[in-house]
Amino acid sequence: MAYVTGFLIPVPAENKDRYIKSAEVSWPLFKEFGALEQVETWGDNVPAGKETGFDLAVKLKEGEVVVFSWLKWPDKATADAAWEKMMTDPRFEGMDMPFDGKRMMWGGFEPVFES
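Residues numbered from 1 in each chain as written. Predicted model: local features only at pLDDT ≥ 70, side-chain atom pairs only at ≥ 80, totals over all residues. Heavy atoms only, no water.

Trainee: Lay out the sheet that holds strand β1 (residues 3–12) with the relevant residues and their values.
Mentor: Across the sheet, which stays open at both edges, the 4 strands sit in the order β2-β3-β1-β4 with antiparallel pairing between neighbours. The outermost strands of the open sheet, each flanked by one partner alone, are β2 (37–42) and β4 (105–109). Looking at each pair of strands side by side, their axes are set apart by 15° on average, direction ignored. Relative to β4, β1 is paired through 5 bridges, and the arrangement is antiparallel. Directly across from F7, in β4, lies its bridge partner W106. Set on the sheet, helix α1 (residues 16–32) makes contact with β1, β2 and β3 (64–73); between it and β2 the angle comes to about 170°. In this fold helix α3 (residues 76–88) packs onto β1 and β3, with an angle of close to 120° to the strand it touches most, β3. (Pairing = 2+ DSSP bridges. Helix = DSSP H or I, 4+ residues; strand = E, 2+ residues; numbered from the N terminus. Axes fitted to C-alpha atoms, helices over the stretch in contact; angles between N-to-C directions. Contact = heavy atoms within 4.5 Å.)

The following block contains the structure:
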């Protein structure tokens, strides 16, 4: 069964082009390690939360935009193996990350319904 790694990332609006470029650079590596799909979305209609919300989850600061993205893998084993490889692959070292990685959140998810 497919597996998804999802991300919420606060990105300074002024870094949008850099963010897109970093996604373009990383895709061939994710694909090489077995990813089936990479989707990067730029927040367009993300209401401010009162108790919960995307903005609160990433401690969004003025001038930042929430990015919601995911990688789809054929299965969890492929995703786990890919992350292990990426930790030691020199191609990932020094890759431009135009955001505060400390406020990025991510997790792995098993799909329960797909259409």
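That shown, we press on.
Trainee: Break down the pattern of salt bridges for me, citing the residues and quoting the values.
Mentor: Tallying each qualifying case throughout the model produces 7 salt bridges. For the salt bridge of R18 with D96, the shortest nitrogen-to-oxygen distance reads 2.6 Å. Note that R18 is positioned in helix α1 and D96 in the loop between α3 and β4, a separation of 78 residues in sequence. The exposure class of R18 is partly exposed, given its relative accessible area of 39%. Classification of D96 as partly exposed rests on a relative accessible area of 34%. Across the pair R103 and D100 runs a salt bridge whose closest N-O atoms are separated by 3.0 Å. Note on R103: relative accessible area 12%, which makes it buried. (Salt bridge = Lys/Arg side-chain N within 4 Å of Asp/Glu carboxyl O. Buried < 20%, exposed > 50% of the residue type's maximum accessible area, 1.4 Å probe, protein only.)

Trainee: Tell me about the side chain of S26, and name the residues and values.
Mentor: Among the structural elements, S26 can be located in helix α1. The exposure class of S26 is buried, given its relative accessible area of 6%. Engagement of the side chain of S26 in a polar contact is seen with the backbone oxygen of A23, the distance being 3.1 Å. (Polar contact = N/O pair within 3.5 Å; in protein donor to acceptor, adjacent residues only side chain to side chain.)

Trainee: Any chance you could break down the pairing of β1 for me, citing the residues and the numbers?
Mentor: Of all the 10 residues making up β1, 9 are buried; the element is thus mostly covered by neighbouring parts of the structure. By the bridge criterion, 10 bridges tie β1 to β3 in an arrangement that is antiparallel. Residue pairing in the sheet places F7 in a bridge with S69 of β3.

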